[in-house]
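Structure assessment
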Amino acid sequence: MSARPPAGRLVALFAVLSLGLGGVALRLVTLQLREAPRYQALAQEQRVRQIQMVPERGSILDRSMNALALSLPARAVYADPRHVVDSDGAARQLAPLLELREPALGRLLRSDESFVYLARRVDLPVAQRIEQLDLPGIGLLDETKRYYPGRSLAAQVLGFVGVDHTGLAGLELQYQDLLAGRPGSAVIEQDPSGQAIPQGLSEAVEALRGLDLVLTLDRDLQFQAERALQDAVEQNAAKGGMVIVSVPRTGEILAMAGYPSFDANEFSEALPELTRNRSVTDAYEPGSVNKVITAAAALEEGTVGLNEQWVVPDRYQVADKLFHDSHRHPPTPMTLTDVIAQSSNVGTIMTAQRLGPETLDHYLRKFGFGHETGIEFPGESDGILMSEDDWWQTSMGTIPIGQGIAVTPLQMLSVYATVANGGVRVEPRLVRGAVSPSGEFMGTQPSAVTRVISPDTARVLTGMLGRAVEAGTGQEAQIPGYWVAGKTGTARKPLEGQLGYSEQYVASFIGFAPARRPAIAVAAILDEPATVYGGVAAAPLFREVTHFALAHLRVPSADPPRSPPFVVGE
Amino acid sequence: VAVAVRSVAAPIARRRPRPGRRLTLVRRSRSRTVRAPRVPFALLSMVVVTATVLLLTGVQALMAQGAFRLSDLSERAERLGVERDLLRLRLARLSAPDRVARAGSQVGLVLPEQVEVLPSPTLRSASSTRSGSPTTPAASGP
């Protein structure tokens, strides 16, 4: 018999093989045609990773390119509690590194969530130590952290950024768009271990770093102003204080200090009122420093003669209110120079009455009161200056001597800077320019200028202010070797929420130096000092800051005087 | 075998030889049957294929090596960038005025009571002409 297999078996075998191959072919067709996109997507999901690239935030630099704020890479530490093996052990190891309390950390690690942040913006060295611990369920994410190396240095001016690196206050907020840069993205193909596959898919749109902001602030001068201010506040048992230093010719702010202040690295722990730049955001009643506007208006309008004397009593009735000078004196013949030098309230009110409310209001506004200075700072206050139509009957007694109106310290300094600059008002500014990532410096436009008073009036006023320092109320502001021009201010603080004044005072001294060729204008203000007079409390602070600034800026001292420098009105 | 014999033998048996068409032996013509030598062609082909494969492999290897090197260099650049940033921060912290002042006071340094900046004799005349005087003569009054 032959070994011929039965035909039935062959048919069966053929059928089985055909079915098997058919099934495989069908599956192949299904995979290749119908399900291909799904599997392709799954494979891509495993291999291809899209990364959002956060741009590095630009630095903030002082006028000499010293870093005041800069961003560095940092890590966020997170946990997936489902994968944490020993939560107590992990908490014990992580707590000292993250400066967190162990029980609180343990609670986070035992939570039901699949993702919890343990700490944000952790410094790289600390993050590396955590990485080395290789704890299951603990991971690290890339992010950046904002550092303020000077801690409280100019903190109220710089402001701060939030966790997502968005500016929340100060210049960080004002120039958010410029500092933030542009985000980028990258698509890369990785192997299962996370290594990029060479020649794999790789597309990248680079993140564009933010611009570096170059300020007009001088780091050393800022520090010295803050230190002198802190000393003055403590010595005078004051509630706080402010110091501003500016260049009258350019409007550049060299220092802007406020005390008490806060550490910008720990802004979340600071009281909100400490984070405000009160030199710009808060208005106060300036008191006698405002008399310079009354005098400027009188000189400019010619309502008072330079050598004209008139008898000034120590008390004067305006409507239903009796105004008086700070010290009792018999009716005394005074010139306008004497009125300013001795800071006579009555003499100033009498001068203002020759002007009339309309003219006085005009000059107050011309000097910049009632509107923003143009410094471009978030939350800047306009101050409070009522329309002349709404003035009280007593306003012609209060406003000429700086009560009944409210201005920011920067607005008040701007008045003196205008006089120092020959009668031309230059808008103050805090930013000199920006540096592009390629290192190119782009300067800002020069500040806007407005002529407020004539050069002659400015010169006469400078002489009057010099006399106030030489022989008047501001003698404590004298600096050996320099002619200083300035004015004291002692203003009562209004009651909060009701009409009338409290027994608390703001003491101030605002001026400029050297008077012959002003290099800087300085405002020194103390809030509620124990010694209320500006000439006693604030003038020494002015002197200390101005003296340091003149030396720091290498401003030569004046020639030895051959004759008294200020003979105005005598 | 039996089946094959049957099926082939039957037609042969029915075919009759045709007169005048007998097969004869002829000399093989050399010109018509020249064939290219096979060995050199095969060798050449192998060489070409091998060389191509080796070249492609080499290029691939070089590219992979380059890619890894690029990856390493990128990592190194990133690491150095971080190091640079940390040094920038350190510099900023070390040169911060409060730290310098603290360090200075620790070694007994104090700020001078009086600092005098003297005008340059060469610049004095120029500056005095530009500065003018804040003093207004009485005659210039209103």
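In this text the structure is predicted, and so the values were computed from the model without any measurement.

In this section: the overall build of chain A. Helix and strand counts for chain A stand at 19 helices and 23 strands. Taking the intrachain contacts of chain A between residues at least 6 apart in sequence as the baseline, contacts between residues at least 24 apart amount to 72%. Carbon together with sulfur atoms contributes 52% to the accessible area of chain A, which is approximately 26300 Å² in total. In chain A, 50 side chains carry a positive charge and 64 a negative one; their mean positions are 5 Å apart.

Next up on the list: the sheet that holds strand β1 (residues 48-53) of chain A. All names here are of chain A. A sheet is described by the order of its strands in space; here three strands give the open sequence β1-β8-β9, paired in antiparallel fashion. The sheet is open, and its two borders are formed by β1 and β9 (202-205), each paired with just one other strand. Between one strand axis and the next, the sheet turns through 15 degrees on average, direction left out of account. When β1 meets strand β8 (residues 184-189), the two strands line up antiparallel, connected through six bridges.

Here we come to unusual backbone geometry. Residue and element names in this part refer to chain A. In this model, Tyr 259 is joined to Pro 260 through a cis peptide bond whose omega is 5 degrees. Position of Pro 260 among the secondary structure elements: in the loop between β12 (253-259) and α10 (278-281). The step from Ala 513 to Pro 514 runs through a cis peptide bond, and the omega angle for that step is -15 degrees. Looking at the element boundaries, Pro 514 is found in the loop between β22 (501-513) and β23 (520-527). Not every positive phi belongs to a glycine, and Glu 528 is a case in point at roughly 55 degrees. With relative accessibility at 21%, the residue Glu 528 sits in the partly exposed group.

Another aspect to go through is the nonpolar core. The tendency in soluble globular proteins is for nonpolar side chains to be buried as a group. Residues and elements named next belong to chain A. Leu 215, Phe 369, Met 412, Tyr 416, Ile 453 and Leu 461 are the most contacted members of the largest nonpolar core, which totals 87 residues. The biggest single contributor to this core is helix α16 (residues 409-420), with eight residues. Other than its neighbours up to four places away in sequence, Ile 453 contacts Ala 296, Glu 300, Tyr 363, Phe 367, Val 419, Gly 422, Gly 423, Ala 458 and Leu 461. Of all hydrophobic cores here, the second largest spans 36 residues; its members include Ala 225, Ala 513, Ala 538 and Ala 549.

Helix-helix packing is described using two parameters, namely the angle between the two axes and the distance between the axes. All names here are of chain A. Following both chains from N to C, one finds helix α11 (residues 291-301) and helix α17 (residues 455-470) inclined at 140 degrees, their axes separated by 10 Å at the closest point. Our classification of the angle between α11 and α17 gives oblique. Crossing handedness for the pair α11 and α17: right-handed. Only Thr 457, Val 460, Leu 461, Met 464 and Leu 465 of α17 make contact with α11, whose side of the interface consists of Val 292, Ala 295, Ala 296, Leu 299 and Glu 300. Among the residues forming the contact of α11 with α17, the class breakdown is eight nonpolar, one polar and one charged.

So, about the pairing of β12(A). All names here are of chain A. Burial of β12 is extensive: six of the seven residues sit out of reach of the surface. Pairing analysis gives six bridges linking strand β11 (residues 240-246) to β12, with the strands arranged antiparallel. Among the inter-strand pairings, Ser 246 is bridged to a residue of β12, identified as Ile 253.

Bringing the side chain of Asp325(A) into the picture now. All names here are of chain A. By secondary structure assignment, the location of Asp 325 is in the loop between β15 (321-324) and β16 (332-334). In this structure Asp 325 is buried but unpaired, with Lys 291 as the nearest side chain of opposite charge at 6.1 Å. A distance of 2.9 Å separates a polar atom in the side chain of Asp 325 from the backbone nitrogen of Val 346. If near-sequence neighbours (up to four positions away) are discounted, Asp 325 is found in contact with Pro 313, Asp 314, Ser 344, Asn 345 and Val 346.

Turning to a nonpolar patch on the surface, a few remarks are in order. On the surface, Leu13(A), Leu17(A) and Leu21(A) cluster together into a nonpolar patch covering about 320 Å² of accessible area. Summarising the element assignment, Leu13(A) is placed in helix α1 (residues 7-34).

Scoring rules and cut-offs
- Residues numbered from 1 in each chain as written.
- Chains lettered and ligands numbered in written order.
- Predicted model: local features only at pLDDT ≥ 70, side-chain atom pairs only at ≥ 80, totals over all residues.
- Heavy atoms only, no water.
- Helix = DSSP H or I, 4+ residues; strand = E, 2+ residues; numbered from the N terminus.
- Contact = heavy atoms within 4.5 Å.
- Areas by Shrake-Rupley, 256 points an atom, 1.4 Å probe, with all protein chains shown as cover.
- Lys, Arg positive; Asp, Glu negative; His and termini not counted.
- Charge placed at Lys NZ, Arg CZ, Asp CG, Glu CD.
- Pairing = 2+ DSSP bridges.
- Axes fitted to C-alpha atoms, helices over the stretch in contact; angles between N-to-C directions.
- Buried < 20%, exposed > 50% of the residue type's maximum accessible area, 1.4 Å probe, protein only.
- Core = buried A, V, L, I, M, F, W, Y, C linked by side-chain atoms within 4.5 Å.
- Parallel < 35°, antiparallel > 145°, perpendicular 65-115°, else oblique.
- Left-handed = near helix turned anticlockwise from the far one by under 90°.
- Nonpolar A, V, L, I, M, F, W, Y, C, P; charged D, E, K, R; others polar.
- Salt bridge = Lys/Arg side-chain N within 4 Å of Asp/Glu carboxyl O.
- Polar contact = N/O pair within 3.5 Å; in protein donor to acceptor, adjacent residues only side chain to side chain.
- Patch = residues over 30% accessible without salt bridge, like charges linked within 9 Å, V, L, I, M, F, W, Y side chains within 5 Å.

Nothing here speaks to function; it is all geometry.
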